[in-house]
Structures are given as structure tokens and as C-alpha cells.
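One-letter residues, chain by chain:
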Amino acid sequence: MYELFVLGELMDQPAHGYLLHSIIKSAVGPIRRLSWGALYPLMRRLEQEGLIAPVPAMEVGACAGADGRRRKVYGITEAGRERFFALMAEPGAYDTEYPDLFSIKLSNFHHVARELRLEILRHYRGYVQLLLSYMQTSRRRIEAEPRIPAAERPCI
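Residues numbered from 1 in each chain as written. Predicted model: local features only at pLDDT ≥ 70, side-chain atom pairs only at ≥ 80, totals over all residues. Heavy atoms only, no water.

Novice: Any chance you could break down the overall build of the chain for me, citing the residues and the numbers?
Specialist: When you go through the chain residue by residue, the secondary structure sums to seven helices and three strands. Seen in sequence order, the chain has helices and strands lined up from the N terminus as α-β-α-α-β-α-β-α-α-α. By sequence separation, contacts in the chain at least 24 residues apart represent 60% of the contacts at least 6 residues apart. Surface accessibility of the chain: about 9,900 Å² in total, with carbon and sulfur atoms responsible for 56%. (Helix = DSSP H or I, 4+ residues; strand = E, 2+ residues; numbered from the N terminus. Contact = heavy atoms within 4.5 Å. Areas by Shrake-Rupley, 256 points an atom, 1.4 Å probe, with all protein chains shown as cover.)

Now the structure itself:
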């Protein structure tokens, strides 16, 4: 999920780690956090795999932090673009991270073809239908259980 996020952001423009961290904090909300200890090793791995590369300072202009130090700015490589499109095409597992994965994919719709957008939306619909089916089954089970007093039943 975070690999897709970083590659997707770099599809738009080069960025440094601090900016990526700020963007993802607002993208996934206050509950899920991406620590610095996870982001920078991820960026190092992406660089080692040739998916991102440092961008020369003159290409992006001066980029210094509040402390005056130069920030290392990264851009996406051609291999990174290929990996981005492959990750966008992977359906993803219906697990606890799926809503955030879908949100990241949704924010990158402008990079992919209409057919892939529709496939991502169909897959998300399957996720929502799975949740709905689970809730309906739970409701029927509660309704059918005579030992649950009416006062303890959820509002149905």
C-alpha cells in the first residue's frame, strides 16, 4: 500500500520524504500512521530497486527544510512507472488495509485508463457487498436467537 502511495505521488512530481510523509498523513487520516522508521527504509528500498532516483537540485529548484539543510528529492524512474501500473492493476486482498489501498488507488485514477478504473471500482463494490452480506447474516442470526433479550438487540 505505501509503495503504491510513494510511486503514485512521484508520478505527479518529484518530492522529498518530508513532503511524502505530510501527504500520506492527510491521505489516510488520523487513525493509520506511517512512521519515519517505515517511510525512509521504503524509499531506500525503492531506490535500490531502481524504482525511484534522486533528482538533481537544479531540476527541482532549491529544496531546503526549515533547518536550512538540503532535502533529497526523488523522482520516479521508468521501472517505477511500470511497477506503479502493476500495483494499480493488482486487486488487493479484502483485509483491514483494503479501504486505505482503495483510497490511494482512487487518488491515482488520473494516471490509469478508464477500463482499469472500472475494474478497481468493481473490486471495491465486491468488498462492500462482502461487508453487507456479513452484516445481514449477523442480523439474521441475532434475530433468530431467542435467548437474546429484545433490550440487548441492536436497533434493527
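Now, onward.
Novice: I'd like a rundown of helix 7 (residues 114-144), residues and numbers included.
Specialist: Here helix 7 spans 45 Å end to end across 31 residues, near enough to the 45 Å set by a 1.5 Å rise per residue. Those residues of helix 7 not exposed but buried are Leu 116, Ile 120, His 123, Gly 126, Tyr 127 and Ser 138. In the core, the buried residues of helix 7 are packed alongside helix 5 (78-89) and helix 6 (98-107). (Expected span 1.5 Å × (residues − 1). Buried < 20%, exposed > 50% of the residue type's maximum accessible area, 1.4 Å probe, protein only.)

Novice: A description of the sheet that holds strand 2 (residues 52-54) should follow, citing residues and the corresponding values.
Specialist: The strand order 1-3-2 describes an open sheet built from three strands, whose pairing is antiparallel. The open sheet has two edge strands, strand 1 (15-16) and strand 2, and neither has a second partner. Sitting on the sheet, helix 1 (residues 2-12) is in contact with strand 1, strand 2 and strand 3 (73-76), with an inclination near 90° to strand 3. (Pairing = 2+ DSSP bridges. Axes fitted to C-alpha atoms, helices over the stretch in contact; angles between N-to-C directions.)

Novice: Kindly report on the nonpolar core, identifying the contributing residues and their values.
Specialist: With 30 residues, the main nonpolar core has Leu 4, Val 6, Leu 7, Leu 10, Ile 52, Phe 84 and Met 88 as its most contacted residues. The element best represented in this core is helix 1, accounting for seven residues. The residues contacting Leu 7, other than those within four sequence positions of it, are Leu 51, Ile 52, Ile 76, Gly 80, Arg 83, Phe 84 and Leu 87. (Core = buried A, V, L, I, M, F, W, Y, C linked by side-chain atoms within 4.5 Å.)

Novice: Kindly report on the layout of surface pockets, identifying the contributing residues and their values.
Specialist: In this model, the second largest pocket occupies a volume close to 190 Å³. Surrounding the second largest pocket, 13 residues form its lining, Met 1, Leu 87, Glu 90, Gly 92 and Leu 101 being those nearest its centre. Of all the elements in the fold, those that place two or more residues in the lining of the second largest pocket are helix 1, helix 5 and helix 6. Residue contributions to the lining of the second largest pocket peak at three residues, all from helix 6. (1 Å grid on protein atoms, 1.4 Å probe; cavity = no way out; pocket = protein on both sides within 12 Å on 5 of 7 lines; lining within 4 Å. Points joined across faces, edges and corners; volume = space filled by probe spheres on them.)

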